[in-house]
Amino acid sequence: HLNKMGMESWRRHVLLKDLPVWCGSIVRKKCQQDGEIDVEKLLTTEKNKSHYSRIGPLTAEEASRLEPGVAFKSPTTQATDDATSTENQNEELYFYPEEGHVNPVSAVKSLRQAANANGVKFVGGIQ
């Protein structure tokens, strides 16, 4: 719940809402073995709307359309493989459309400017 709540803060807060780039995220994960419980699947069902939505498992071609040039480190060789190599392994690709990223330098600059505008004074060199 905390990560989802954190993303909602970035979406709603007046000082933060213009900083994120909402582009989604492709995640490669190991396939569940027989008898293992897929916790993520339980958290992304229709009944549990408080968690992430996800799309997948994706084919390598679908992942490449969402993220052109996607490449992963092979877990066995540490060599970079294109997305098509994951189909021959015991892995699955998922797309999380609600994910985004923030440039931390821009975020800190924006927050400092807002703090200064509200009377906050930053003092440096104090130990």
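The shown structure was predicted, so the numbers you read here are calculated from the model rather than taken from an experiment.

Calculation notes
As a convention, each chain's residues are numbered from 1 in the sequence order in which they are written. Given that the model is predicted, a residue must reach a pLDDT of at least 70 before its local features are reported, and side-chain atom pairs must reach 80 or more before they are shown or counted; all residues, however, enter totals for whole chains, interfaces and linings. Water and hydrogen atoms were dropped before computing side-chain values, which therefore reflect all heavy atoms in the structure. Pairing of aromatic side chains here covers Phe, Tyr and the six-membered ring of Trp, requires ring centres within 6.5 Å, and sorts the geometry by plane angle: under 30 degrees stacked, over 60 edge-to-face, intermediate tilted. The criterion for a charge sitting over a ring is simple: Lys NZ or Arg CZ within 6 Å of the ring centre, and within 35 degrees of the ring normal. Patches in this entry comprise residues that are over 30% relatively accessible and not in a salt bridge; like charges within 9 Å are linked, as are nonpolar side chains (Val, Leu, Ile, Met, Phe, Trp, Tyr) within 5 Å. Only the protein chains shown count as covering a residue, and every accessible area follows the Shrake-Rupley method with a 1.4 Å probe. Whenever Lys or Arg places a side-chain nitrogen within 4 Å of a carboxyl oxygen from Asp or Glu, that contact is recorded as a salt bridge. Comment: elements are numbered from the N terminus, with helices defined as DSSP H or I runs of at least four residues and strands as E runs of at least two. Any residue under 20% of the maximum accessible area for its type is buried, any over 50% is exposed, and the rest in between are partly exposed; the area is computed with a 1.4 Å probe on protein chains only. Any pair of residues with heavy atoms lying within 4.5 Å of one another is described as a contacting pair.

What about the packing of aromatic side chains?
Part 1 of the reasoning: Counted under the stated rule, the structure contains 0 aromatic pairs.
Part 2 of the reasoning: Sitting above the plane of the Trp22 ring, Arg11 keeps its charged end 3.8 Å from the centroid.

What to know about a nonpolar patch on the surface
Part 1 of the reasoning: Residues Val14, Leu15 and Leu111 make up a contiguous nonpolar surface patch of roughly 250 Å² in combined accessible area.
Part 2 of the reasoning: Among the structural elements, Leu15 can be located in the loop between α1 (2-12) and β1 (25-30).
Part 3 of the reasoning: Here Leu15 falls in the partly exposed class, since its relative accessible area comes to 36%.

What to know about the environment of Glu91
Part 1 of the reasoning: Along the chain, Glu91 falls in strand β5 (residues 91-96).
Part 2 of the reasoning: A residue is classified by how much of its surface remains accessible, and Glu91, at 16% relative accessible area, is buried.
Part 3 of the reasoning: Measuring from C-alpha to C-alpha, the distance between Glu91 and Cys31 comes to 4.9 Å, with 60 residues separating the pair along the chain.

Some points on the side chain of Glu98
Part 1 of the reasoning: Relative to the helices and strands, Glu98 resides in the loop between β5 and α4 (104-117).
Part 2 of the reasoning: Once residues lying within four places of it in the same chain are set aside, the contact partners of Glu98 are Lys4, Met7, Arg11, Trp22, Tyr52 and Ser53.

Observations regarding the environment of Val102
Part 1 of the reasoning: Among the structural elements, Val102 can be located in the loop between β5 and α4.
Part 2 of the reasoning: In contact with Val102, not counting residues within four places along its chain, are Trp10, Leu19, Pro20 and Ala107.

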